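Report on the structure
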Amino acid sequence: MPPPVRAFVAFGANLGDPAAAFALALQRLAGLPGTRVAARSSLYHSAPVGVAGQPDYINAVIELSTTLAARPLLDALLAIEHEGGRRRDGHMAPRTMDLDLLLHGDAVIDEPGLQVPHPRMHLRAFTLVPLAEIAPEACIPGHGRAADLLPGVADQAIARA
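Reference entry: report on the structure contained in this document. Note that this is a predicted model, so its numbers are computed, not measured.

Rules of the game
Residues numbered from 1 in each chain as written. Predicted model: local features only at pLDDT ≥ 70, side-chain atom pairs only at ≥ 80, totals over all residues. Heavy atoms only, no water. Salt bridge = Lys/Arg side-chain N within 4 Å of Asp/Glu carboxyl O. Helix = DSSP H or I, 4+ residues; strand = E, 2+ residues; numbered from the N terminus. Buried < 20%, exposed > 50% of the residue type's maximum accessible area, 1.4 Å probe, protein only. Core = buried A, V, L, I, M, F, W, Y, C linked by side-chain atoms within 4.5 Å. Contact = heavy atoms within 4.5 Å. Polar contact = N/O pair within 3.5 Å; in protein donor to acceptor, adjacent residues only side chain to side chain.

1. Things to note about the pattern of salt bridges
- Inspection of the entire model under this criterion finds 5 salt bridges.
- Ionic pairing is found between Arg6 and Glu137, a salt bridge with its closest N-O pair at 2.7 Å. With Arg6 in strand β1 (residues 5–13) and Glu137 in the loop between α3 (125–134) and β8 (139–140), the pair connects residues that are 131 residues apart, well separated along the chain.
- Residue class for Glu137 comes out partly exposed when judged on its relative accessible area of 40%.
- A salt bridge links Glu133 to Arg160; the shortest N-O distance between them is 3.7 Å. Remark: Arg160 occurs in strand β10 (residues 158–160) and Glu133 occurs in helix α3; sequence separation between them is 27 residues.
- For Glu133, a relative accessible area of 31% corresponds to the partly exposed category.
- We classify Arg160 as exposed; its relative accessible area is 54%.
- What emerges from the salt-bridge pattern is a single network uniting Arg6, Glu63 and Glu137.

In structure tokens, the structure reads:
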């Protein structure tokens, strides 16, 4: 079995009961083979980015210690989203649960359907703020430490829930 890697997953929801969806996500992530939840951030409120007329999001970041490779982990995230009622009604549509693989160790992956580090994560307060809360030293390949990137998103509204 490969040694565990440190992976980070972003959680977001703006439909249904986001707190219950977050609890479900944590439970299912902890049940994945070779995986344990190492840390979880606080929940945060943030406005939708790039769309208007949607409810605010509840966001968080979850740190995993996992032996799963990036692709099987992504597949598991998609299955958990589906269980949580996620429908893919279009790009940027509101959602009951969104789980994005932000980082998988220090891997840089660019494959169809899988990009690690997650594109634009370094530009979004709703990923950087909760990531920096639990892992300020986490390095985003090509961009630097999470804590060092916070000034670049300081103009984006985000607040602890």
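Next comes the rest of the write-up.
2. Some thoughts on the nonpolar core
- Among the nonpolar cores identified, the biggest contains 29 residues, and Phe11, Leu73, Met97, Leu99 and Leu101 are the most heavily contacted of them.
- Put simply, the parts of the chain that give this core at least two residues each are β1, α1 (18–30), β4 (57–66), α2 (70–83), β5 (98–104) and β7 (114–116).
- With sequence-adjacent residues up to four places away left out, Leu101 is seen in contact with Ala7, Phe8, Val9, Ala70, Leu73, Leu77, Leu114, Gln115, Val116 and His118.
- Ranked by size, the runner-up nonpolar core spans 18 residues in total, among them Leu103, Met121, Ala138 and Leu149.

3. Some details on the side chain of Glu63
- For Glu63, the position within the fold is in strand β4.
- At 2.7 Å, the side chain of Glu63 and the side chain of Arg6 are in polar contact.
- Not counting chain neighbours up to four residues away, the residues in contact with Glu63 comprise Arg6, Ala7, Phe8, Arg36, Val37, Ala38, Ala39 and Ile134.

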